[in-house]
Amino acid sequence: MSSLPSSLPSSLPSSGSDAPPVRPLPTPSAAGRPLRLAVCLSSLLVAAVWGLANQSLLYEGVTRLTHAEPGWLLAGAGFTCLTWVLAACMRQGAVPDRLPPGLLLASQFAAGAANHALPAGLGAHAVTVRFLRTRGVPLERATASIALYSVAKSGAKTVVLVVFVLSSSAWRRLGELVPDGTVLVPVAVVVTLAGVATAVVRPLRRPVTGLVRCALTDARAVHTRPCRVLALWGGATAIPLVQASVLACTGEALGLGLSWADVFLAYLAAGTAGGAVPVPGGVAVDAALVFALAAFGSPLAVATATVIGYRVLTDWLPLLPGALVLSAMIRAKAL
């Protein structure tokens, strides 16, 4: 006993506790602060550049909205706020982990501003992946949740579109929105080449296989919990209906002259036809939506004004607040 050291090292845990010692988190270096500040200001810069590049559209949309009925516009704004709540519900339903509701809702509001910088919803997905990483979700599982979110959103929207098509005879007017062979053939070629490359090239096959395996594991875990199933699939079904309600309210405010059923069908069909074109800001969807509303009998000028008003409510008005929330969350290290 006399040969033992008189004192134990201070790094060892005490005998009364089995927990390992807690290491303090490293403090951020001063060299990284300018980079973090630049990232925070980048979203504001994107919002400013976008606004300067679309001054005419902003002016025309605001001018027409000043002569619209404010009650319907207020209802459209309420439906717009509801879309962020439903998106947060879907994000929570796509992961088994418990996420803080307030920060999750704020991240989805900020993701709307990021969507103007990247096409096909990549901006919102990037913000969500970063948010999940800050909450301790591994990168592979965070990416798998994006895949599950996208599958649920597109699948539920397709089901809603089929229901509207089967319950209405007005879908025959939308024949011009159906892509012809000149569009479908290149898309099929690209999808086929991507599948062959993934199956043949080993550096591509390994991460894709791991992602699919992780996605299937999380999907099974999520679908064993009824609350997650309701949040995921209920939100996916309600989002296109709520977004179409924003368009219908805007049409009522501007005198579009179409029934809500026709507006819903036009919105779902235009989103399906124009969503295949990866353009930032939903430009292709807006063009298809104008033609769809005109195909149902609305004057082209009123249809154009309705789509502009819809974008004012859903994108342009929340753009600057969303960019501010995005910058604030980055500075607070929530993203």
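Above this text you will find the structure in question.
Quick notes on the rules
- Residues numbered from 1 in each chain as written.
- Predicted model: local features only at pLDDT ≥ 70, side-chain atom pairs only at ≥ 80, totals over all residues.
- Heavy atoms only, no water.
- Helix = DSSP H or I, 4+ residues; strand = E, 2+ residues; numbered from the N terminus.
- Buried < 20%, exposed > 50% of the residue type's maximum accessible area, 1.4 Å probe, protein only.
- Contact = heavy atoms within 4.5 Å.
- Core = buried A, V, L, I, M, F, W, Y, C linked by side-chain atoms within 4.5 Å.
- Patch = residues over 30% accessible without salt bridge, like charges linked within 9 Å, V, L, I, M, F, W, Y side chains within 5 Å.
- Areas by Shrake-Rupley, 256 points an atom, 1.4 Å probe, with all protein chains shown as cover.
- Salt bridge = Lys/Arg side-chain N within 4 Å of Asp/Glu carboxyl O.
- Polar contact = N/O pair within 3.5 Å; in protein donor to acceptor, adjacent residues only side chain to side chain.
- Axes fitted to C-alpha atoms, helices over the stretch in contact; angles between N-to-C directions.
- Parallel < 35°, antiparallel > 145°, perpendicular 65-115°, else oblique.
- Left-handed = near helix turned anticlockwise from the far one by under 90°.
- Phe/Tyr/Trp six-rings, centres within 6.5 Å; stacked < 30°, edge-to-face > 60°.
- Lys NZ or Arg CZ within 6 Å of the ring centre and 35° of its normal.

1. Describing the overall build of the protein chain
Part 1: From N to C terminus, the protein chain includes 12 helices and zero strands.
Part 2: For the protein chain, the sequential pattern of α-helices and β-strands runs α-α-α-α-α-α-α-α-α-α-α-α.
Part 3: Scored against the burial criterion, the 335 residues of the protein chain give a buried share of 38%.
Part 4: Once local pairs closer than 6 in sequence are excluded, the contacts in the protein chain between residues at least 24 apart make up 73%.

2. Some details on the nonpolar core
Part 1: Membership of the largest hydrophobic core comes to 33 residues, with the highest contact counts inside it found for Tyr267, Leu289 and Leu293.
Part 2: Of all the secondary-structure elements, those providing two or more residues to this core are helix 6 (139-167), helix 9 (226-254), helix 10 (260-274), helix 11 (283-295) and helix 12 (300-331).
Part 3: Dropping the residues within four chain positions of it, leucine 289 is found in contact with Leu247, Ala266, Tyr267, Ala270 and Val307.
Part 4: Counting 20 residues, the second-largest nonpolar core is a separate cluster that includes Val95, Leu99, Ala124 and Leu335.

3. Digging into a nonpolar patch on the surface
Part 1: Taken together, the side chains of Leu82, Val85 and Leu105 make up a nonpolar region of the molecular surface, amounting to roughly 210 Å² of accessible area.
Part 2: Positionally, valine 85 belongs in helix 3 (residues 70-93).

4. A few points about the side chain of arginine 141
Part 1: Here arginine 141 lies in helix 6.
Part 2: Side-chain polar atoms of arginine 141 contact the side chain of aspartate 97, separated by 2.6 Å.
Part 3: Each residue touching arginine 141, except ones within four places of it in the same chain, is listed here: Pro96, Asp97, Cys214 and Asp218.

5. Comments concerning the packing of helix 6 against helix 9
Part 1: At their nearest, the axes of helix 6 and helix 9 sit 8 Å apart, and the two run at 55 degrees to each other. Viewed along their axes, helix 6 and helix 9 adopt a mutual orientation that is oblique. For the element pair helix 6 and helix 9, the recorded crossing hand is right-handed. Packed against helix 6, whose contacting residues are Leu148, Ala152, Lys153, Ala156, Lys157, Val160 and Phe164, the element helix 9 presents Leu232, Trp233, Ala236, Thr237, Ile239, Pro240 and Leu241 at the interface.

6. Structural notes on the packing of aromatic side chains
Part 1: Summed over the entire model, instances satisfying the criterion amount to five aromatic pairs.
Part 2: With 5.8 Å between their ring centres and 40 degrees between their planes, phenylalanine 164 and phenylalanine 264 make a pair best called tilted. Separated by 100 residues along the polypeptide, phenylalanine 164 in helix 6 and phenylalanine 264 in helix 10 bring together distant segments of the chain.
Part 3: Chaining the aromatic ring pairs together yields one cluster made of Trp72, Phe164, Trp260 and Phe264.
Part 4: Note that arginine 91 overlies the ring of tyrosine 149, its terminal NZ or CZ placed 3.7 Å from the centroid.

7. Topic: the side chain of threonine 80
Part 1: Mapping threonine 80 onto the fold places it in helix 3.
Part 2: With relative accessibility at 3%, the residue threonine 80 sits in the buried group.
Part 3: Within the structure, threonine 80 has its side chain in polar contact with the backbone oxygen of glycine 76 (distance 2.9 Å).
Part 4: With residues near it in sequence (within four places) discarded, threonine 80 still touches Val246, Leu313 and Thr314.

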